[in-house]
Amino acid sequence: MKLRALVVGLAAAALTLTACGQSGSPGGAGEPVVSSAPEANVQVAGSTTFQNISQRGRVIIGVKDDQPGLGFKDATTNQFSGFDIEIARLVAAKLGYGPDKIDYKVVPSAAREDTISRGEVDYYVGTYTINDNRKQRVSFAGPYFVAGQGLLVAKNNTDITGKDKLTGKKVCSVTGSTPIQRVRDQKLTDQIVEFQTYTQCVDQLISGQVDAVTTDDAILKGYASQQPDKLKVVGDTFSTEPYGIGMNKDDSALRGKVNDILQAAYTDGTWQKIYDNTLGKSGAAGSPPPLQRY
Ligand code: GLU
């Protein structure tokens, strides 16, 4: 009798988990920000990526899972949420695939070009700065957001107030990211600590092993808002980081289609809705940047 009750209980728990994983709601609670109902009869003529998606019947999207407010996976519900995730879902829906037809693949900054060019993801949405260097190996739709490099320090830190105060300080960032390259290029410090994820850097900051974490302000604000009693973002931003949707370098048909999807979302208010319910929750106003079609 006891065992049977346990089995029934476990089955119910499993059902709940499955339902959560597919509901597509942002922030781990509540309703989806925008409709993720799949569009019918979509064609993207000449796109090999779209052909692969159609054959598979599922979309594989590269994301981050440890950046709160942007691309975040709740460890309890296994649910993804954030601005990047909503953009990823919007694109999938407009390509004809609802949230239950999406497979997320977590790809760290340093592995993005390799993963995309090998075709292991159909597209990538994860704080991915568009630049000429990366354009040699992948292509980008967008930008769909513009961030800027900033600094995260311990709440009680008083000596780091901007990028010019980093000399001799231990500064942590992520391998293969534009911010770590900028710290090197501008020789902001010679004590650079490098990890695969920003979460590792934030852990080091909290335990006092490093003095600052540097990357896009949008990412840093997410960590600061999770632990406001321990962390703060300081100083002015010191770069421009236009976020693009990364994809196969030669798939100009898909790039054009995704740009059309973004443009429509800018015009009909969908982008604004997504922003207001994710990154904009902290109060900062935002508007979509002009697309750079190429
Ligand atoms: N946007 C920057 C980049 O693409 C930093 C954030 C990240 O590493 O994803 O390198």
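This is a predicted model, so every value here is computed, not measured. (Residues numbered from 1 in each chain as written. Predicted model: local features only at pLDDT ≥ 70, side-chain atom pairs only at ≥ 80, totals over all residues. Heavy atoms only, no water.)

### Points about the overall build of the chain
Then, in step 1: When helices and strands are counted, the chain shows 10 helices and 13 strands.
Then, in step 2: Looking at the chain as a whole, 47% of its 294 residues qualify as buried.
Then, in step 3: Taking all contacts inside the chain whose residues are at least 6 apart in sequence as the whole, residues at least 24 apart take part in 71%.
Then, in step 4: Roughly 13,700 Å² of accessible area belongs to the chain as shown, and the carbon and sulfur atoms make up 49% of that amount. (Helix = DSSP H or I, 4+ residues; strand = E, 2+ residues; numbered from the N terminus. Buried < 20%, exposed > 50% of the residue type's maximum accessible area, 1.4 Å probe, protein only. Contact = heavy atoms within 4.5 Å. Areas by Shrake-Rupley, 256 points an atom, 1.4 Å probe, with all protein chains shown as cover.)

### A short note on the confidence of the model for the chain
Then, in step 1: Summary statistics for the chain give a mean pLDDT of 91 and a share of 89% for residues scoring 70 or more.
Then, in step 2: At the level of individual helices and strands, the chain shows its lowest average pLDDT in helix 1 (residues 2-23), which scores 41, and its highest in strand 6 (residues 123-124), which scores 99.
Then, in step 3: Confidence drops under pLDDT 50 across residues 1-30; counting only partners more than four residues distant or on other chains, this segment forms 25 contacts. (pLDDT = per-residue confidence, 0-100.)

### Brief notes about the sheet that holds strand 12 (residues 231-234)
Either a parallel or an antiparallel arrangement is found when strands of a sheet pair, and the pairing is made through backbone hydrogen bonds.
Then, in step 1: Taking strand neighbours across the sheet as the criterion, the five strands line up as 10-9-11-8-12 in an open arrangement whose pairing is mixed. Either end of the sheet is taken by a strand with one partner, and the two such strands are strand 10 (191-195) and strand 12. On average, each strand axis in the sheet is tilted by 30° relative to the strand beside it, whichever way the strands run.
Then, in step 2: In this structure, strand 8 (residues 149-154) lies alongside strand 11 (residues 212-216), joined through four bridges in antiparallel fashion. (Pairing = 2+ DSSP bridges. Axes fitted to C-alpha atoms, helices over the stretch in contact; angles between N-to-C directions.)

### Looking at the sheet that holds strand 4 (residues 80-81)
Then, in step 1: Spatial strand order, 2-3-4: three strands in an open sheet with antiparallel pairing. Each edge of the open sheet carries a strand with a single partner, namely strand 2 (66-67) and strand 4.
Then, in step 2: One ladder, built from two bridges, connects strand 2 with strand 3 (residues 71-73); its direction is antiparallel. Across the sheet, Asp 66 pairs through a bridge with Phe 72, a residue of strand 3.

### Observations regarding the nonpolar core
Then, in step 1: The biggest cluster of nonpolar side chains holds 56 residues, and the ones touching the most others in it are Phe 83, Tyr 123, Tyr 144, Phe 145 and Ile 245.
Then, in step 2: The element that contributes the greatest number of residues to this core is helix 3 (residues 83-95), accounting for eight residues.
Then, in step 3: Listed in part, the 10 residues of the second largest apolar core include Leu 151, Leu 166, Val 171 and Leu 188. (Core = buried A, V, L, I, M, F, W, Y, C linked by side-chain atoms within 4.5 Å.)

### Focus on the environment of Val 42
Then, in step 1: Within the secondary structure, Val 42 sits in the loop between helix 1 and helix 2 (48-56).
Then, in step 2: Sequence-wise, Val 42 and Ser 54 are 12 residues apart; in three dimensions their C-alpha atoms are separated by 10.0 Å.
Then, in step 3: Look past the residues within four positions of Val 42 in its chain and what remains in contact with it is Phe 50, Lys 94, Leu 95, Gly 96 and Lys 257.

### Observations concerning the site of the ligand
Then, in step 1: For the ligand, the set of nearby residues contains 17 residues, the closest of which are Ser 109, Thr 127, Thr 129, Tyr 198 and Asp 216.
Then, in step 2: One of the side-chain N or O atoms of Ser 109 is found 2.6 Å from an oxygen atom in the ligand.
Then, in step 3: At 2.9 Å from an oxygen atom of the ligand is found a main-chain nitrogen or oxygen belonging to Thr 178.
Then, in step 4: For the ligand, whose unbound accessible area comes to 280 Å², protein coverage reaches 100%.
Then, in step 5: Elements with a minimum of two residues in the shell around the ligand: helix 6 (178-185), strand 11 and strand 13 (241-248).
Then, in step 6: Residues belonging to the shell around the ligand are distributed by class as follows: five nonpolar, seven polar and five charged. (Near = heavy atom within 4 Å. Polar contact = N/O pair within 3.5 Å; in protein donor to acceptor, adjacent residues only side chain to side chain. Nonpolar A, V, L, I, M, F, W, Y, C, P; charged D, E, K, R; others polar.)

### Some words on the packing of aromatic side chains
Then, in step 1: Applying the stated criterion across every chain yields a total of 12 aromatic pairs.
Then, in step 2: Their ring planes at 75° and their centres at 5.3 Å tell us that Tyr 124 and Tyr 128 sit as a pair that is edge-to-face.
Then, in step 3: Members of the aromatic cluster, each reached through a chain of ring pairs, are Phe 83, Tyr 144, Phe 145, Tyr 243, Tyr 266, Trp 271 and Tyr 275.
Then, in step 4: Above the face of the Tyr 294 ring, Lys 135 is positioned so that its terminal group lies 4.4 Å from the ring centre. (Phe/Tyr/Trp six-rings, centres within 6.5 Å; stacked < 30°, edge-to-face > 60°. Lys NZ or Arg CZ within 6 Å of the ring centre and 35° of its normal.)

### Quick word on unusual backbone geometry
Then, in step 1: Of note, the bond from Gly 142 into Pro 143 is cis; its omega dihedral lies within 30 degrees of zero at 5°.
Then, in step 2: Within the secondary structure, Pro 143 is located in strand 7 (residues 138-147).
Then, in step 3: The phi dihedral of Asn 78 falls on the positive side, at around 65°, and the residue is not glycine.
Then, in step 4: Exposure remark for Asn 78: the relative accessible area of 44% places this residue in the partly exposed category.
Then, in step 5: Within the chain, Thr 127 stands out as a residue other than glycine whose phi angle is a positive 45°.

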